[in-house]
Amino acid sequence: EKEKEMVSLAIGDSTNPSAPVAPVAPLANEKEKEMVVNAFEVEGKIDYNKLVDDFGSKLIDKELLARIEKLTVGRGTVPFLHRFLRRDIFFSHRDMTKICDCLENNESKNS
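Keep in mind the model is a prediction, meaning the values are calculated, not measured. (Residues numbered from 1 in each chain as written. Predicted model: local features only at pLDDT ≥ 70, side-chain atom pairs only at ≥ 80, totals over all residues. Heavy atoms only, no water.)

Visitor: I would appreciate a short explanation of the pattern of salt bridges in the present structure.
Guide: Should the charged atoms of two oppositely charged side chains come close, the side chains can pair. Taken as a whole and judged by the stated rule, the model has 4 salt bridges. With a shortest N-O distance of 3.0 Å, Lys50 and Asp54 are connected by a salt bridge. Of this pair, Lys50 and Asp54 both sit in helix 3 (residues 48–55), 4 residues apart, which is roughly one turn of that helix. Among the salt bridges present, the one from Glu104 reaches Arg67, with a minimum N-O distance of 2.8 Å. One end of the pair, Glu104, is in helix 6 (residues 96–104); the other, Arg67, is in helix 4 (residues 62–72), with 37 residues separating them in the sequence. (Salt bridge = Lys/Arg side-chain N within 4 Å of Asp/Glu carboxyl O. Helix = DSSP H or I, 4+ residues; strand = E, 2+ residues; numbered from the N terminus.)

Have a look at this one:
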C-alpha cells in the first residue's frame, strides 16, 4: 500500500533490487483525490458548494432559517429549532421555501 502512496527513485544501480530508495512526494493527482459522494461512499476533500450544485439543492440562508424557526418553534412540542439546523449540519434544502409558503398561507397538500 505504501508503494501506491509514494513514488520512489532508485539511487545507484537500478538493476540491483536492494539498491537504496529515496522517497519522492506523492503525485499531485494522487494527493488530491476527486470528491466522490453517493449513497455508498464518501471520498476525497468535500466541496459543499459543489455538492449543492450537483444535487440541485440550495443553501439554507439566515432568512430561511428564521422562517423555519417562526413556523415551528412554539407550535406543538417544538421548544426550539433543531440543533442540526442551529449548527449548520443541515446546510442545504430542496423545496423548503415551498413548504414554508404553504404553512404561512395555511395550505395543505390536499388544497
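Visitor: Can you help me understand the packing of aromatic side chains in this one?
Guide: Aromatic ring pairs are described here by two measures, namely the spacing of the ring centres and the angle between the planes. Per the counting criterion, the structure on display carries 2 aromatic pairs. Judged by centre distance (5.2 Å) and plane angle (85 degrees), the ring pair of Tyr48 and Phe91 falls under edge-to-face. Residue Tyr48 is located in helix 3, and its partner Phe91 is located in the loop between helix 5 (83–86) and strand 6 (92–93); the two are separated by 43 residues in the primary sequence. Pairing Phe84 with Phe90 gives two aromatic rings, centres 5.2 Å apart and planes at 80 degrees, and the pair type is edge-to-face. We classify Phe90 as partly exposed; its relative accessible area is 42%. (Phe/Tyr/Trp six-rings, centres within 6.5 Å; stacked < 30°, edge-to-face > 60°. Buried < 20%, exposed > 50% of the residue type's maximum accessible area, 1.4 Å probe, protein only.)

Visitor: Would you explain the environment of His93 in this entry?
Guide: Summarising the element assignment, His93 is placed in strand 6. It is 5.3 Å that separates the C-alpha atoms of His93 and Ser57, two residues lying 36 residues apart in sequence. Apart from the residues within four sequence positions on either side, His93 is in contact with Ser57, Lys58, Leu59, Ile60 and Leu64. (Contact = heavy atoms within 4.5 Å.)

Visitor: Can you help me understand unusual backbone geometry in this one?
Guide: One can expect most non-glycine residues to show negative phi and most peptide bonds to be in trans. The phi angle at Asp95 is positive, at roughly 70 degrees, despite the residue not being glycine. Mapped onto the fold, Asp95 is located in the loop between strand 6 and helix 6. With a relative accessible area of 44%, Asp95 lands in the partly exposed category. Within the chain, Asn106 stands out as a residue other than glycine whose phi angle is a positive 55 degrees. For Asn106, the location among the structural elements is in the segment after helix 6.

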